[in-house]
Amino acid sequence: MSTRGSVGGQERGPERGTGRHKVLPSPKKQRLAGSAGMPSANGAEKAAQVREMFARIVSDYDTVNSVMTFGRDHAWRRAAVEAVAPSGARVLDAATGTGELASELCRQGCASVVALDFCLDMVRVARDKVERRGASERVTFAGGDAQRLPFPDGAFDAVINGFLMRNLTDIPAALREFHRVLKPGGRLACLDVTHPPGLLRPLCLFYFDAIVPLIGGILSGDFAAYRYLPRSLDGFPDADRLAEMIAEAGLGEVNFQRFNFGMVALHTARKPLASA
Ligand SMILES: C[S@@+](CC[C@H](N)C(=O)[O-])C[C@H]1O[C@@H](n2cnc3c(N)ncnc32)[C@H](O)[C@@H]1O
């Protein structure tokens, strides 16, 4: 099941960052570098907790994901890549995690992928996976914060992120960064869990609040980490509001579609050609 929404893009100028390039040139030749930037006081504390939590669950992450989503997560990532990253594109996978989106980007013919995450344990797993899948020539790994990207303006044809947005401490800052590093005309895709609408809402929330932490806890042995998942929706904007925020960051052609009874949303947008 998928439903759609959209919002009129506003042509507001982005705030400019001072992204320094901090890319890891080759998985074989380079050790992983540290995070490129950290958010402010409270944000820094939450970011450290999120990073530490993902480091704890990294070894079971893919299995738990597949079980929790009944294997549908691969189709959602495929849809995200198809929506924004044409063959030959240079793409940033912001918050690559275990590298599933980076692998899919290569599978769909992207020329090059920068796979960034602020959890270096995740990046190591992603690097090994991409290498096993024979795509390491096209993927560069980077340690860094999606809210303060270590890349110059206009560096990418597309920016994509999967299941990142709920974890951010400053969503507008990340969206401004995505806008900044996109070329004019470049495309953005944000795929994440969202607040389910309509009659199925209570059922969806029961699944997310009660079943997901149980499955995650049993499979990983880390019940605390998977209790974080439903909590991560608290205060997270609903799909309509997230679309507005994307437009407020200066992106146009903002649309979203829902999957999985409305529990997952794929937002897409385009940086206007007139943008600097
Ligand atoms: C739920 S995982 C998703 C991984 C992957 N994109 C996928 O589709 O499975 C979220 C990832 O976001 C990363 N992350 C969270 N906040 C981040 C930030 N501010 N900057 C960079 N990475 C971040 C975490 O370390 C984690 O690897």
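Because the structure is a prediction, the values reported are computed rather than measured.

1. Let's talk about the overall build of the protein chain
- For the protein chain, the count of helices and strands is nine helices and eight strands.
- Counting only residues that meet the buried cut, the protein chain has 46% of its 276 residues in that class.
- Of the contacts formed within the protein chain by residues at least 6 apart in sequence, a portion of 73% connects residues at least 24 apart.

2. What to know about the site of the ligand
- Close to the ligand lie 22 residues, the nearest being Ala 95, Gly 97, Cys 119, Ala 146 and Gly 162.
- When contributions to the shell around the ligand are tallied by element, the ones reaching two or more residues are helix 1 (41-57) and helix 4 (100-107).
- Looking at the shell around the ligand residue by residue, the class counts come to twelve nonpolar, five polar and five charged.

3. Side note on the environment of Asp 60
- The topology assignment puts Asp 60 in the loop between helix 1 and helix 2 (61-68).
- With 17 C-beta atoms packed within 10 Å, Asp 60 lands in the partly exposed category.
- Taking the C-alpha atoms as reference points, Asp 60 and Ser 220, 160 residues apart in sequence, are found 5.8 Å from one another.
- Sequence-distant contacts of Asp 60, that is, excluding residues within four places in its chain, are made with Leu 219 and Ser 220.

4. A closer look at the pairing of strand 4 (residues 139-143)
- Strand 4 sits mainly inside the fold: four of its five residues count as buried.
- As paired elements, strand 3 (residues 112-117) and strand 4 share five bridges and run parallel to each other. When the sheet's bridge partners are listed, Leu 116 is paired in strand 4 with Ala 142.
- As for the winding sense of the linkage, the β-α-β connection from strand 3 through helix 5 (residues 120-132) to strand 4 is right-handed.

5. Comments concerning the packing of helix 3 (residues 73-84) against helix 4
- Running from N to C, helix 3 and helix 4 point in directions that differ by 55 degrees, and their axes come no closer than 10 Å. By the criterion of interaxial angle, the relationship of helix 3 to helix 4 is oblique. Here the hand of the crossing between helix 3 and helix 4 comes out right-handed. In this structure, helix 3 contributes Arg 77, Arg 78 and Val 81 to the contact, and helix 4 contributes Glu 100, Leu 101, Glu 104 and Leu 105.
- The residue inventory of the contact of helix 3 with helix 4, partitioned by class, reads three nonpolar, no polar and four charged.

6. What about the environment of Val 91?
- Summarising the element assignment, Val 91 is placed in strand 2 (residues 90-94).
- Considered as a pair, Val 91 and Ile 160 are 69 residues apart in the sequence and their alpha carbons are 7.4 Å apart.

7. Quick look at unusual backbone geometry
- Even without being a glycine, Phe 163 presents a positive backbone phi close to 60 degrees.
- Within the secondary structure, Phe 163 sits in the loop between strand 5 (156-162) and helix 6 (171-181).
- Of note, the phi angle at Glu 253 is positive, near 50 degrees, even though the residue is not glycine.
- Under the C-beta neighbour-count criterion, Glu 253 is labelled partly exposed, with 17 such atoms within 10 Å.

Reading the values: the criteria
Residues numbered from 1 in each chain as written. Predicted model: local features only at pLDDT ≥ 70, side-chain atom pairs only at ≥ 80, totals over all residues. Helix = DSSP H or I, 4+ residues; strand = E, 2+ residues; numbered from the N terminus. Buried ≥ 20, exposed ≤ 12 C-beta atoms within 10 Å, placed from the backbone. Contact = placed C-beta atoms within 7 Å. Near = placed C-beta within 6 Å. Nonpolar A, V, L, I, M, F, W, Y, C, P; charged D, E, K, R; others polar. Pairing = 2+ DSSP bridges. Right-handed = clockwise from strand over helix to strand, strands pointing away. Axes fitted to C-alpha atoms, helices over the stretch in contact; angles between N-to-C directions. Parallel < 35°, antiparallel > 145°, perpendicular 65-115°, else oblique. Left-handed = near helix turned anticlockwise from the far one by under 90°.

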